[in-house]
Amino acid sequence: MIPVLGLVLGVVLGLVVSPEVPLWLQPYLPIAVIAALDAVFGAARAALEGIFNDRVFVISFLSNVVVAALIVFLGNQLGVGAQLSTGVVVVLGLRIFSNVAAIRRHLLGA
Amino acid sequence: MAEQPREQPRRTWRPSLGTGRPQGPQPTTAQARRRLRALVGQLRPARGQLIAAALLALLGVALVAQVRSTDEVGLTQLRQSELVALLDDASARVDALQDEVRQLEDDKEQLQGQEGDEAAARAAQERLNSYSILAGTVPVEGPGISVYVNDPAGMMTQTMLLDAIQELRDAGAEAIQIGNQRVVASSYVGMDEDGAVTLDGTTLVPPYRIIAIGDSHTLAGAMAIPGGFSDSLRGAGGAVQVVESESLVVDALHEAAEPRYAQPVPPTTEP
């Protein structure tokens, strides 16, 4: 429950403060957000399966974000930033879908 | 998390697209729901919960910021074809607007030209008025002074009359009439065979009136200068009376002759 409250708090904070995204962060933030979402859904699934571990969650969250940003950075340096970003989004989207599907199976049995 | 990872049989690795994390033991639906309830009901701030909450708060802020900036920026997210279409749209619109600008500027120039004509006509009319007054071809009215001169002995000299005209002009008289004659730029003072003073060849027969249009106080002051026209004529035995007036009419006209010798120099383009 507390993590959900944290998420709500973060969204409200973002709406109230409406922070300006710094220019250097703009290419990385979308991918980083997707990667973080992937980690969050994975954590939810793990919690339902009873194998949630806060250490694993923190590390996977941070490493997801960092790796996603690195991939975008590398892609930009190589001139294939758009394609690589698309690839990352596709992979992360697949993972999110499969995690959500697992959560659905666990909770609804279907 | 209250539950510890249970011991589970070592599983063989199998490739799974999508989930990079280890597969937990597949819980039954009842188990999963119980865990969900437990998680939802858990308000005790354990360390893991707090860390997860902090990360999720960060995610929330980033999410909102990203959505906001996407709303704002837009263009950087578009594909090349969309950008090209946008550029085409913008170019077409720019062309249309430039056409409009050109048309409007043409209209503006036309209107300004008409206004210029009107202004030129107005300026020309004003110039005509002032030249007419200067040349004495139109009657004028305005404030000024009347100088009644009576000189039955004929003591007035040419110099005195020239003095009078000069004093009036010096005081800013814009139109001067002496007797029935308008004093203009070409007016001259002479003397006939009997020794009487003439203006433009016509003998002045006293008594007569000098009318000057201008600032009446200044003109009256000019007439009162010691040693001036009034002073010297009175000294010679004549009578001079100056009357300031709010409204006087100078109705004597001067027939402007076409100049026979003087021709205007054509204006040169170079200064």
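Now for a quick tour of the structure. Note that the coordinates shown come from a computational prediction; the quantities given were computed from them, not determined experimentally.

Now for the interface of chain A and chain B. Listed per partner, the contact involves 48 residues of chain A and 49 residues of chain B. Summing both sides of the interface, chain A and chain B together bury roughly 4100 Å²; the carbon and sulfur share of this comes to 69%. Seen at the junction of chain A and chain B, the total is zero salt bridges. For the pair chain A and chain B, the number of links is three residue pairs in polar contact (both at pLDDT 80 or more). For the side of chain A that touches chain B, the secondary structure elements donating two or more residues are helix 1 (2-17), helix 2 (29-49), helix 3 (54-78) and helix 4 (81-108) of chain A. Looking at which element gives the most residues to the side of chain A that touches chain B, the answer is helix 2 of chain A, with 14 residues. Residues of the side of chain A that touches chain B, tallied by class, amount to 29 nonpolar, twelve polar and seven charged.

This next bit is on the sheet that holds strand 2 (residues 175-178) of chain B. All names here are of chain B. The sheet built from five strands is open, its strands ordered 3-2-7-1-8 with antiparallel pairing. Because the sheet does not close on itself, it has two edges, and the strands there are strand 3 (181-183) and strand 8 (239-250). Within this sheet the neighbouring strands show an average axis-to-axis angle of 20°, counted without direction. Bridging between strand 2 and strand 7 (residues 208-213) involves four bridges; their strand directions are antiparallel. Bridging from a neighbouring strand, I176 pairs with A212 of strand 7. The sheet strands contacting helix 5 (residues 216-223) are strand 1 (140-150), strand 7 and strand 8, and the helix crosses strand 1 at an angle near 20°.

Quick notes on the rules
- Residues numbered from 1 in each chain as written.
- Chains lettered and ligands numbered in written order.
- Predicted model: local features only at pLDDT ≥ 70, side-chain atom pairs only at ≥ 80, totals over all residues.
- Heavy atoms only, no water.
- Contact = heavy atoms within 4.5 Å.
- Buried area = accessible area lost by both parts, 1.4 Å probe.
- Salt bridge = Lys/Arg side-chain N within 4 Å of Asp/Glu carboxyl O.
- Polar contact = N/O pair within 3.5 Å; in protein donor to acceptor, adjacent residues only side chain to side chain.
- Helix = DSSP H or I, 4+ residues; strand = E, 2+ residues; numbered from the N terminus.
- Nonpolar A, V, L, I, M, F, W, Y, C, P; charged D, E, K, R; others polar.
- Pairing = 2+ DSSP bridges.
- Axes fitted to C-alpha atoms, helices over the stretch in contact; angles between N-to-C directions.

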